[in-house]
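# Chain and residue survey
Here is how the chains run, residue by residue.
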Amino acid sequence: MRAILTWVDKVVDRDKIDQCVWDMCFSPDGNKLIVAAGNRVLVYDANDGTMVQPLKGHKETVYCVAYAKDGKRFASGSADKSVIIWTNKLEGILKYTHNDAIQCMAYNPVNHQLASCAVGDFGLWSPEQKSVSKHKVSSRITCCSWTNDGQYLALGLYNGLVSIRNKVGEEKVKVERPQATLAPIWSLSWNPNKDEPYDVLAVADWAQRLSFYQLSGKQIGKDRALGYDPTCLNWFSKGEYVVLGGANKQCTLHTKEGVKLGIVGEQMSWVWCCAVKPDSNYVAVGCQDGTLAYYQLMFSTVHGLYKDRYAYRDNMTDVIIQHLITDQKVRIKCRDLVKKIAIYRNRLAVQLPDRIVVYELYSEDLADMHYRVKEKINKKFECNLLVVCSSNIILCQEKRLQCLSFQGVKERQCIMNCVWLQEKRLQCLSFQGVKEREWIMESLIRYIKVIGGPASREGLLVGLKNGQILKIFADNAFPMLLLKQNTSVRCLDLSCSRAKLAVVDEHNICLVYDLATKDLLFQEPNANSVAWNTSYEDMLCFSGNGMLNIKASNFPVHQQKLQGFVVGFTGSKIFCLHVYAMSSVDVPQSAPMYQYLEKKMFRDAYKVACLGVTEGDWEVLAHEALESLDFDTAKKAFIRIRDLRYLELIHGIEERKKRGETDNMVFLADVHSYQGKFGEAAKLYKKANHEQRALNMYTDLRMFDYAKEFIGSGDPQDKKILMSKQADWAKSSNEPKAAAEMYISAGEYSKAIDIIGDNGWPDMLMDLARKLDKADRESLGQCARHMARLEQYGHAAEVYTKMGDMKSLIAMRVEAKHWDDAFTLVEKHPEYKEEVYVPYAQWLAENDRFEEAQQAFHKAGLQAEAVKVLEQLTVNAVVENRFDDAGYYFWKLAIQCLDIARDEPKKHDEMMAKFQEFQTKADTYYIYHTIYRHVIEPFTSVLPEGLFNMSRFLLHCMEEGTPRGVSKASTLYTLAKQSKNLGAYKLARHAFEALQNLRIPSRFQDAVDLGSLSIRAKPFQDSEELMSMCYRCSTTNPLLSKNRNCCVNCRQPFVHSFVNFEVLPLVEFFLEDGMIDEEAVHILDMSVPKKKKERTWKENRMSNHQSLRLGAEEEEEVEDPFTARLKNLGESDEFQPVVVNKPVLQTMSRAEVFVLKWPRPMRYQFFKTLLPDVSITACQSCKKLFHTDDFEQQYLQRGHCPFCRTLLEE
């Protein structure tokens, strides 16, 4: 640190008597300096020291001045007990007084409140308030200062205490210091740096101490002994330094921890005040004898560099080590003035005023930035330069070079005609401070540098003013003369192999020598520093005249702008020292690389490129090496830029070389083709007799015109192949029509058909199909498939017909859902029936036409699928409460089982059992549908008698089990309700009792409970009109019996009308063994109907009246054979069916017999009506019998049979 006196002035009064400068302050912009001297306030121009204007307003000595942070006003305080507020235009605007002389004052940095302190009190004034609030204190106030946030005011008292007050003057903290009564506080100030973690108060007292405190009153560190009585203290704007003045007649600079750094200026009397110009390094000093001095502080750069590690001084007491590559930094706090810094490998040496501290890295890791203390040499050394090695430190002192051990013992001394920086002595010390060696030279030492070497045997490169360049080893007392030149040395550096030496002389010329021959290799002008590239032997850089010069080998210099001095060169990074800052500059090595490329020195160019070039430079290097067939260099370069295409090319060439290929002309042609130089490549291929390679190249590149030109009048097969490839290109280039025509020309019909079909050109496709021979079935089939896809079914059918492929034609119709056309084709070709009906059935099922789907499966002969469809339909119908549909589907299932039993004799018994099961379920669901509707709907069109008969029939059917979905409770509820309404009270009571034992829906519960009670008031009998009579034995049967729907006497099954379920006057009879059904029907058809006797009217005349009488008395009819067989009931309890033979059949009338013709394997059913006048209708589809009136009514309502849904036309 150096202090330069900028200007000085002497303050005197009119009588030329020296006036003490009591206080001073700068304006916030630093242009004005306000000085309190005598009874005047003096305003100086801080830049040149001229007095702007003296301000008069005080009658006695002015003790203090203060400037507001906003720059609008400043204040002065005097022994006349007054405070005057001045504007920045030097006009007094306000004046107020205290009871005693004003001692000090300070402006709040935030709200610009002024604190003015007198002997016994202090006042707080702000522009917003009219009055000044004053507060008493217990002791004389000597100094004051606001915190940088303006919240607290610190008062220094004559009794040695510090009082910290808030903005309204209330005391918050009292700092009691040791020996306070003997140490009046004369100056204090808060650190203005807002980035500090806490507020720091610096206090100087007349116990000759400098102390630091926190806002809480806690002391920071220990007291710093000053050795004199301080009178003033002031901070730099950023809080990094403190300046002090006092009775020692000096103004000194200290760190923010209180470490003394140096003297700002020495005066002839006490320094009574000092001030630091805002945001600068200027310090103003005021003395008791009226001297006013203005200094500029110059902080020199103390630093050291080794490769990519740069160490420099910060805040005078800290050392920062910066990694120039990663920009990583670490700080070492030395807490004392750092005078010299040296760095080498893992060592760092720092010289302090009274010692040298040696640090080492924690580990050998190159990226490690953590240092620890290795040794301390507690001696004071005076030297111009400090150099550190692995085990020694080198000092440049006086007229010698000394090598000291760590204990400070001198080992050797060598007299030489050399000196550096007005010094000639170098000392080598060990880390314990022992002087090991000393070299004394006869000429001035101009440059010294550690050039590396084994530990404890490092070499130093020394340049002298007389032109000698020496190499000194730390363990050798005898230096080695490398060479001698005529001019003085300014800078030196050795190449990485130690074979070349670069020297910058006093004439700014860079000279490069070969150390082996001592020959001058070349020289370049305008150089102030030089550095070899540590990564490449033949490259160096030097700086000068604001330019950076890079020289590789003997090539011309490449220049670019650069400010500063080059101090290091590693790879593509150049380390430059500009003013006080070290920076790392990335310099692409493109220019040297291209210089090597021009000379075809590819390996050297690759080495330069590895130092750092752009990706484009790597690409140029790769291609240049490849064209020169330097595959090794080209391969490395292409790996750098990750160009897999060229790497594959090089790999292929290397493999071909291994297989014995040696024709470099072909290899070069391959390279040219990859680089796009197709004409040159084709010429090389032709020259090497590899015309096919050229042809393949052109076709792969779709350069068909060049390919045709290259072929000329060659092989026709080659032309055909070329045409095909051109068609491939046209297809990929989105020119399908041209591609198709080319494929047709080349005879590749399949590819042409695919293109035409994919683009939807049916006319073009049909033209091609008609031209094709029918033997080309593959191409024709391809045409037909595309036609079908384009929905040109007529054209597709034409093509299939041309081929004679009926199966594919039928499949097309099926796929297109042209069922009528498909059925027409199947009639002509029944062998494909399954290919039509199965998809048709599946299509019907997908469209919810399940019944038709079932029929289609049936037609296709897939009985299992047909049954599966019907079973699923029944399940769905039951789940959805569509019981009439469920009955219909079960009837269809029953018929299906008959068909299976007929077609598959092995399944006869199983299918017949299922037929009976499904037939019973069909009847049950058919009946339950009406009962379910009656239960859930409020109204019904069915007569009570019908519901009564249906519920009775259904209960008889449930005796063997209740099908899924059928509710016995609903059936009993219907029966109970209708029985009660029709007078069948006994049956109603039975039904209500059965309901009481069942779990019934809640909606029925009240009605059932009420009915169960009310039925008890009715007679315990049923109406005889409701009971069924057996038409075989004339027995009246109970309404419910254990014999189900059979007579209790003769066991003859009742035949019901399947609308209202009344018992029909029919008796079923069977044929005797040996008679077949068709024969019986033939006999019945041949029988003669019986003639009825005609009834006539007879007239009877009397005397006084006339009467008419219809018919005579009927004669008893002769009993016919069938009636006789009806009465033959047998003696056993088992049912005895009515069996008739041929003579009995011959006596029967065909009109009185109903024949139900069941399909095989079932037999026909024969029924004889006993009441021919009762009209009965039989459905020939479902084989159910109905009262004719009921059937006709239902048919008219529904349009089909109520049970099987068959139309009469069918």
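The name given to the protein chain in an unreviewed UniProt entry is Intraflagellar transport protein 122 homolog, and the organism recorded there is Littorina saxatilis. Under Subcellular location (unreviewed entry), UniProt gives the following word-for-word description of the protein chain: "Cytoplasm, Cytoskeleton, Cilium basal body".

## Here we look at the sheet that holds strand S56 (residues 573-578)
Paired through backbone hydrogen bonds, the strands of a sheet run either parallel or antiparallel to each other. Strand order in the open sheet made by the three strands is S55-S56-S57, with antiparallel pairing throughout. With one partner strand each, in any of the chains shown, strand S55 (565-570) and strand S57 (581-586) form the two edges of the open sheet. Direction aside, neighbouring strands of the sheet carry axes that sit 25° apart on average. Sheet topology places S55 next to S56; five bridges connect them, and they run antiparallel.

## Regarding helix H26 (residues 1002-1014)
Relative to the 18 Å expected for 13 residues at 1.5 Å per residue, H26 spans 19 Å between its end C-alpha atoms, a close match to the ideal helical length. Looking only at H26, the buried set comprises Phe 1004, Val 1008, Gly 1011 and Ser 1012. Taken down its axis, H26 places every buried residue within 100° of arc, on the same side. Facing away from the buried side of H26, by more than 90 degrees, are the exposed residues Ser 1002, Asp 1006, Leu 1010 and Leu 1013. Of the surrounding elements, those touching the buried residues of H26 are helix H22 (908-936), helix H24 (968-982) and helix H25 (985-996).

## A closer look at the packing of helix H3 (residues 615-627) against helix H4 (residues 631-641)
Put simply, H3 and H4 touch, their axes get as near as 8 Å, and they point 155° apart. In this view, H3 runs roughly antiparallel relative to H4, as classed from their interaxial angle. The hand of the H3/H4 crossing is left-handed. Of the residues in H4, those in contact with Glu 615, Trp 618, Glu 619, Leu 621, Ala 622, His 623, Ala 625 and Leu 626 of H3 are Phe 631, Thr 633, Ala 634, Ala 637, Phe 638, Arg 640 and Ile 641.

## Some remarks on H4
Listing the buried residues of H4 in full gives Phe 631, Thr 633, Ala 634, Ala 637, Phe 638 and Ile 641. One side of H4 holds all its buried residues, which, seen down the axis, span an arc of 160°. On its buried face, H4 is in contact with helix H2 (602-611), H3, helix H5 (644-658) and helix H6 (664-674). Backbone geometry just downstream of H4 places Arg 642 in the positive-phi region, at approximately 55°.

## A closer look at the sheet that holds strand S13 (residues 133-136)
With antiparallel pairing, four strands are arranged side by side in an open sheet as S10-S11-S12-S13. Single-partner strands in this sheet number two, and they are strand S10 (102-107) and S13. Each strand of the sheet is rotated relative to its neighbour by a mean of 20°, with strand direction disregarded. Across four bridges, the pairing between strand S11 (residues 114-118) and strand S12 (residues 121-125) is antiparallel. Residue pairing across strands places Cys 117 opposite Phe 122, the latter belonging to S12.

## Section: the UniProt feature "repeat: WD" (unreviewed entry) in the protein chain
The UniProt record marks residues 55-86 with the feature "repeat: WD" (unreviewed entry), using the residue numbering of this structure. Structurally, residues 55-86 comprises 0% helix and 56% strand, and the distance from its first C-alpha atom to its last is 9 Å.

## Details of the environment of Lys 134
Within the element layout of this structure, Lys 134 appears in strand S13. Distance from Lys 134 to Phe 122, taken between C-alpha atoms, is 5.5 Å for residues 12 residues apart in sequence. Apart from residues lying up to four places away in sequence, Lys 134 is in contact with Thr 97, His 98, Asp 121, Phe 122 and Gly 123. Only 2.5 Å separates the side chain of Lys 134 from the backbone oxygen of Thr 97, close enough to count as a polar contact.

## So, the confidence of the model for the protein chain
Predicted confidence across the protein chain gives a mean pLDDT of 83, with 86% of residues reaching 70 or more. Residue range residues 404-422 is modelled with pLDDT below 50. Its contacts to residues more than four positions away, or to other chains, number 115 contacts.

## Details of the nonpolar core
Core analysis: the largest hydrophobic core is formed by 73 residues, its most contacted members being Phe 915, Ile 927, Leu 995, Leu 1066, Leu 1185, Cys 1201 and Phe 1203. The contacts of Cys 1201, once residues within four sequence positions are left out, are Cys 1179, Cys 1182, Phe 1186, Phe 1191, Tyr 1195 and Thr 1206. Within the second largest apolar cluster, 49 residues are counted, among which are Val 319, Tyr 371, Leu 460 and Leu 464.

## Observations concerning the pairing of strand S27 (residues 282-287)
Residues in a regular strand point their side chains to alternate faces of the sheet. Counting buried positions over the six residues of S27 gives five, a clear majority of the element. Pairing of strand S26 (residues 271-276) with S27, which is carried by five bridges, proceeds in the antiparallel orientation. For Cys 273, the partnering residue across the bridge sits in S27 and is Gly 286. Linking S26 to S27, which pair antiparallel, is a turn of five residues; within it Asp 279 sits at a positive phi near 55°. Note that S27 and strand S28 (residues 291-298) share five bridges and pair antiparallel. Paired with Val 283 across the strands is Tyr 295, a residue of S28. The turn joining S27 and S28, which pair antiparallel and follow one another in sequence, is formed by three residues; a positive phi near 90° is taken by Gly 290.

## Focus on the environment of Cys 491
Mapped onto the secondary structure, Cys 491 falls in strand S47 (residues 489-494). Residues Cys 491 and Asp 505, 14 residues apart in the sequence, show an inter-C-alpha distance of 7.0 Å.

## Describing the packing of aromatic side chains
If you walk through the whole model with that rule in mind, you get 43 aromatic pairs. Measuring from centroid to centroid gives 5.9 Å for Tyr 646 and Tyr 674, while their planes differ by 55°, and the two rings are tilted. With Tyr 646 in helix H5 and Tyr 674 in helix H6, this pair connects stretches of sequence that are 28 residues apart. Three or more aromatic residues joined by ring pairs make a cluster, and in this case those are Trp 22, Tyr 63, Tyr 158, Trp 186, Trp 206, Trp 270 and Trp 272. A cation sits over an aromatic face here: Arg 1160 above Tyr 1164, 5.8 Å from the ring centre.

## Quick look at unusual backbone geometry
Geometrically, the link from Arg 1160 to Pro 1161 is a cis peptide bond, its omega value of 15° lying close to zero. Mapped onto the fold, Pro 1161 is located in the loop between strand S64 (1153-1156) and strand S65 (1165-1169). For Lys 81, which is not glycine, the phi dihedral falls at a positive 70°. Within the secondary structure, Lys 81 sits in the loop between strand S7 (73-78) and strand S8 (82-87). Of the residues examined, Lys 81 reaches a relative accessible area of 38% and is grouped as partly exposed. Here the phi dihedral of Ser 1034 falls at roughly 60°; this positive angle occurs in a residue that is not glycine. Within the secondary structure, Ser 1034 sits in the loop between strand S58 (1028-1029) and strand S59 (1036-1037). The exposure class of Ser 1034 is exposed, given its relative accessible area of 52%.

## Brief notes about the pattern of salt bridges
A side chain with one charge may pair with a side chain of the opposite charge, provided their charged atoms come close. On inspection of all chains with the given rule, the structure shows 46 salt bridges. A salt bridge links Asp 336 to Arg 355, with the shortest nitrogen-to-oxygen separation between them at 3.6 Å. Highlighted residues: Asp 336 in the loop between strand S32 (329-333) and strand S33 (340-344) and Arg 355 in strand S35 (residues 355-361), separated in sequence by 19 residues. Across the pair, exposure class does not vary: Asp 336 and Arg 355 are buried alike. Across the salt bridge formed by Arg 933 and Glu 937, the nearest N and O atoms sit 3.1 Å from each other. For Arg 933, a relative accessible area of 34% gives the class partly exposed. Counted as one network, the salt bridges with shared partners bring together Glu 880, Arg 882, Asp 884, Asp 885 and Arg 1205.

## Let's talk about the packing of H2 against H3
At their nearest, the axes of H2 and H3 sit 11 Å apart, and the two run at 165° to each other. Classified by the angle their axes make, H2 and H3 are roughly antiparallel. Handedness of the H2/H3 crossing: left-handed. On H3, the residues touching Phe 602, Ala 605, Tyr 606, Ala 609 and Cys 610 of H2 are Trp 618, Leu 621, Glu 624 and Ala 625. Of the residues contributing to the contact of H2 with H3, the split by class is eight nonpolar, no polar and one charged.

## Details of the pairing of strand S3 (residues 32-37)
By the criterion of burial, S3 is predominantly enclosed, with five of the six residues buried. Sheet topology note: the strand S2 (residues 21-26)/S3 ladder contains five bridges and is antiparallel. Following the sheet pairing, Met 24 is matched in S3 by Val 35. The turn linking S2 back onto S3 is made up of five residues, and Gly 30 within it adopts a positive phi angle of 80°. Hairpin geometry of S3 and strand S4 (residues 40-45) is characterised by an intervening segment of two residues between the two adjacent antiparallel strands and by a positive phi of about 65° at Gly 38.

Rules of the game
- Residues numbered from 1 in each chain as written.
- Predicted model: local features only at pLDDT ≥ 70, side-chain atom pairs only at ≥ 80, totals over all residues.
- Heavy atoms only, no water.
- UniProt positions renumbered as here; feature names shortened; annotations may be inferred.
- Pairing = 2+ DSSP bridges.
- Helix = DSSP H or I, 4+ residues; strand = E, 2+ residues; numbered from the N terminus.
- Axes fitted to C-alpha atoms, helices over the stretch in contact; angles between N-to-C directions.
- Expected span 1.5 Å × (residues − 1).
- Buried < 20%, exposed > 50% of the residue type's maximum accessible area, 1.4 Å probe, protein only.
- Arc of directions from axis to C-beta.
- Contact = heavy atoms within 4.5 Å.
- Parallel < 35°, antiparallel > 145°, perpendicular 65-115°, else oblique.
- Left-handed = near helix turned anticlockwise from the far one by under 90°.
- Polar contact = N/O pair within 3.5 Å; in protein donor to acceptor, adjacent residues only side chain to side chain.
- pLDDT = per-residue confidence, 0-100.
- Core = buried A, V, L, I, M, F, W, Y, C linked by side-chain atoms within 4.5 Å.
- Phe/Tyr/Trp six-rings, centres within 6.5 Å; stacked < 30°, edge-to-face > 60°.
- Lys NZ or Arg CZ within 6 Å of the ring centre and 35° of its normal.
- Salt bridge = Lys/Arg side-chain N within 4 Å of Asp/Glu carboxyl O.
- Nonpolar A, V, L, I, M, F, W, Y, C, P; charged D, E, K, R; others polar.

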